[in-house]
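# Report on the structure
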Amino acid sequence: MFLRVQLPLLLTFLAGLIPIVAFFFTEKARLVKVPNDRLEKWMIIIAGFAIMLGVVNVVQGNIRKIERKGPGWHYAIFLLIGLVLPGSFGLLGAFNVGPFHGISPHADGSPSPFSFFVSYVFQPLQATMFSLLAFYVASAAFRAFRVRNLEATILLLAAVVVMLGRIPLGESLFAWIPGGKLALGTFTEWLMNNPNTAAQRGIMIGAALGAASLSLRVILGIERSYLGLEKD
Amino acid sequence: MSIELIGTWIAALLTLCLFSFLYKDNPFFRFAEALFAGVSLGYYIGQTANNTLKPNLVLPLVHDFRGNYDLVIPALLGLNLYTRYIPRIAWMARFSLAVYVGYYTGVNMVQKLQGEVLPQAGATMMPLLGAFPIAGTTALLVTLAATALVLGLIDSARGHLTRGAVIFVSTWIVARVVAQVAFPLAADALDNLLLFVGVIMVLIYFFFSLEHRGAVGGMSRLGIWFLMLGFGAAFGYTVMGRVSLLIGRMNFLIIDWIGGTVRAIGG
């Protein structure tokens, strides 16, 4: 029981306490700062292993899918190919194994195997995937912006003003008014800097207070779900 | 055929595969989607190995093991995460997780309070009165808007939530227009008041320990209006970003792919 429950909770408490205590001391307080700096370096390394853990999970899940021949299992093969090829090129390139040297393009400008995948597969797919949202966002907007009440109207007006205020068409709409060419752009800027900032700031302060209180719950061992433990 | 042109063809065909979803769901889209998921992970493997594990763990240990022997501890803790795949000792992974989560919650707590709450709160409390010689006008307009806020709250307390919020907003707009036309420096003071009131109202909307009725309900209603303005602006901003990406992809297909191929054939 101690090893499986209390010790992990104690480790969380101690590891959480170190950066909080270190925050209140200057660099001269080596007794506090040295463990904090060391722990900071260590965490970067553990994070690296944690990312690889996610990769193992995905590989496991997709191999299982192929074995069971579940719906769309053919696509799982492409997913694994897509993972293994750049992944292995990246690993081999990072550690200069065999003919692989680095993951960046070579000095003569020719792409390394890894950077070839990044430039011609990963980046185009990523940009296209996000650009597809431009179409779906339009239908989502239609549903969200139907003028049903005051709140939806405010949402609609703010979105339209911001969209029009950032394109040449918006400028030309008011160009016939003396000095009106920049009016929409100026109003958009004002909208972004004042009411929008107020809303974002309120959300940010609220979320930060929530995150801080959750952190306190984790450090004190009240919140334990991240360890797979039920709350008492 | 150069390696760049081969790459451009691959990128163009994958782009078309994804765009084919605009017609309907089809195997080409599903293929490109699966490939994207896989390549994204492959990308992170390469980046993590090259930018995290190599410079922070492998190189220091290889070049100076004596001076960096302590790095064996995070390496072991990192490897220990994988014990979760051995059911008999899966619980051991909790040690690594405990240290990792514990440290970052501690960092997070300090960062959120010191790096977000305090600076944001500080930036919200801006001067409400402008400098001489328009101090009198500014004071007059700000007092007018502030009075409308109080009157709106009183009205909300009587049960007229929307009317209370409208009283403040409409008075503020009138004061702001007057300032814009006749006293530009007073406009800043009114904007500062709006920012302050907006942040407080949004926070009140998220405060659920009090029932949103009466004056609290009126403030919460005003908070929703600010949130709607914020969401609308964020939505518009996102749409413009996505459209810009779409234009980028179209440019790529027309200029890089078709244009590049024509140039290559033409020699």
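You'll find the structure just up there.
Presented here is a report on the structure given in the accompanying data block. Remember, it's a predicted structure, so these values are computed and weren't measured experimentally.

### Looking at the overall build of chain B
The helix and strand tally for chain B stands at 8 helices and 0 strands. The N-to-C order of helical and strand elements in chain B reads α-α-α-α-α-α-α-α. Computed over the C-alpha atoms, the radius of gyration of chain B is 29 Å, more than 25% above the 18 Å expected from 2.2 N^0.38 for a compact globule of 267 residues. For chain B, the spread of C-alpha atoms along the principal axes amounts to about 70 × 60 × 40 Å. For chain B, the residues scored as buried account for 43% of the 267 residues in total. A sequence separation of at least 24 residues applies to 48% of the contacts in chain B between residues at least 6 apart. By element, 70% of the accessible surface of chain B is carried by carbon and sulfur atoms, the whole surface being about 13,800 Å². Between the averaged position of the 16 positive side-chain charges in chain B and that of its 11 negative side-chain charges there is a distance of 8 Å.

### Concerning the pattern of salt bridges
A full pass over the atoms with the stated rule returns 7 salt bridges over all chains. Ionic pairing is found between Glu-223 of chain A and Arg-217 of chain A, a salt bridge with its closest N-O pair at 3.9 Å. We note a salt bridge from Arg-176 of chain B to Asp-191 of chain B, for which the minimum N-O separation is 2.8 Å. Taken together, the positions of Arg-176 of chain B in helix 6 (residues 161-182) and Asp-191 of chain B in helix 7 (residues 184-205) put the pair 15 residues apart, joining distant regions of the chain.

### A word on the environment of Ala-182 of chain B
Along the chain, Ala-182 of chain B falls in helix 6. It is 75 Å that separates the C-alpha atoms of Ala-182 of chain B and Ile-89 of chain B, two residues lying 93 residues apart in sequence.

### Let's talk about the packing of helix 2 (residues 30-68) of chain A against helix 3 (residues 72-80) of chain B
One can describe the packing of helix 2 of chain A onto helix 3 of chain B by two numbers: an axis separation of 8 Å at closest approach and a directional angle of 30°. Accordingly, the angle class assigned to the pair helix 2 of chain A and helix 3 of chain B is roughly parallel. Seen from above, helix 2 of chain A lies across helix 3 of chain B with right-handed handedness. Contacts between helix 2 of chain A and helix 3 of chain B involve Trp-42, Ile-45, Ile-46 and Phe-49 of chain A from the first element and Ile-73, Pro-74, Ala-75, Leu-77, Gly-78 and Leu-79 of chain B from the second. Taken together, the residues of the contact of helix 2 of chain A with helix 3 of chain B break down into 9 nonpolar, 1 polar and no charged.

### Some words on the interface of chain B and chain A
Each partner contributes residues to the interface: chain B has 110 residues there, and chain A has 108 residues. Surface buried jointly by chain B and chain A totals about 10,300 Å² across both partners, of which 81% is contributed by carbon and sulfur atoms. The tally of links from chain B across to chain A stands at 1 salt bridge. Here chain B is connected to chain A by 17 residue pairs in polar contact (both at pLDDT 80 or more). Taken together, the elements giving at least two residues each to the side of chain B that touches chain A come down to helix 1 (3-19), helix 2 (27-63), helix 3, helix 4 (93-124), helix 6, helix 7 and helix 8 (214-266) of chain B. No other element matches the 28 residues that helix 2 of chain B contributes to the side of chain B that touches chain A. The residue makeup of the side of chain B that touches chain A, split by class, is 72 nonpolar, 24 polar and 14 charged.

### Considering helix 4 of chain B
Over its 32 residues, helix 4 of chain B runs 44 Å from end to end, which matches the ideal 46 Å to within 8%, given 1.5 Å per residue. Within helix 4 of chain B, the axis deviates most sharply at Lys-112 of chain B, by approximately 30°.

### Observations regarding the packing of aromatic side chains
Counted under the stated rule, the structure contains 19 aromatic pairs over all chains. Seen from their ring centres, Tyr-136 of chain A and Phe-21 of chain B are 6.0 Å apart, and the 55° between their planes marks the pair as tilted. On the criterion of chain membership, the pair formed by Tyr-136 of chain A in helix 4 (residues 113-145) and Phe-21 of chain B in the loop between helix 1 and helix 2 is interchain, its members lying in two chains. Judged by relative accessible area, which is 32%, Tyr-136 of chain A ranks as partly exposed. Phe-21 of chain B sits in the partly exposed class, given a relative accessible area of 26%. On the basis of an interplanar angle of 75° and a centroid distance of 5.4 Å, the ring pair of Tyr-103 of chain B and Tyr-104 of chain B is categorised as edge-to-face. The class of Tyr-104 of chain B is partly exposed, set by a relative accessible area of 33%. In this structure, Lys-69 of chain A is placed above the aromatic ring of Trp-73 of chain A, and the distance from its NZ or CZ to the ring centre is 4.7 Å.

Conventions and cut-offs
Residues numbered from 1 in each chain as written. Chains lettered and ligands numbered in written order. Predicted model: local features only at pLDDT ≥ 70, side-chain atom pairs only at ≥ 80, totals over all residues. Heavy atoms only, no water. Helix = DSSP H or I, 4+ residues; strand = E, 2+ residues; numbered from the N terminus. Rg over C-alpha atoms; globule rule 2.2 N^0.38 Å. Buried < 20%, exposed > 50% of the residue type's maximum accessible area, 1.4 Å probe, protein only. Contact = heavy atoms within 4.5 Å. Areas by Shrake-Rupley, 256 points an atom, 1.4 Å probe, with all protein chains shown as cover. Lys, Arg positive; Asp, Glu negative; His and termini not counted. Charge placed at Lys NZ, Arg CZ, Asp CG, Glu CD. Salt bridge = Lys/Arg side-chain N within 4 Å of Asp/Glu carboxyl O. Axes fitted to C-alpha atoms, helices over the stretch in contact; angles between N-to-C directions. Parallel < 35°, antiparallel > 145°, perpendicular 65-115°, else oblique. Left-handed = near helix turned anticlockwise from the far one by under 90°. Nonpolar A, V, L, I, M, F, W, Y, C, P; charged D, E, K, R; others polar. Buried area = accessible area lost by both parts, 1.4 Å probe. Polar contact = N/O pair within 3.5 Å; in protein donor to acceptor, adjacent residues only side chain to side chain. Expected span 1.5 Å × (residues − 1). Bend = angle between axes of the 7 residues up to and from the residue. Phe/Tyr/Trp six-rings, centres within 6.5 Å; stacked < 30°, edge-to-face > 60°. Lys NZ or Arg CZ within 6 Å of the ring centre and 35° of its normal.

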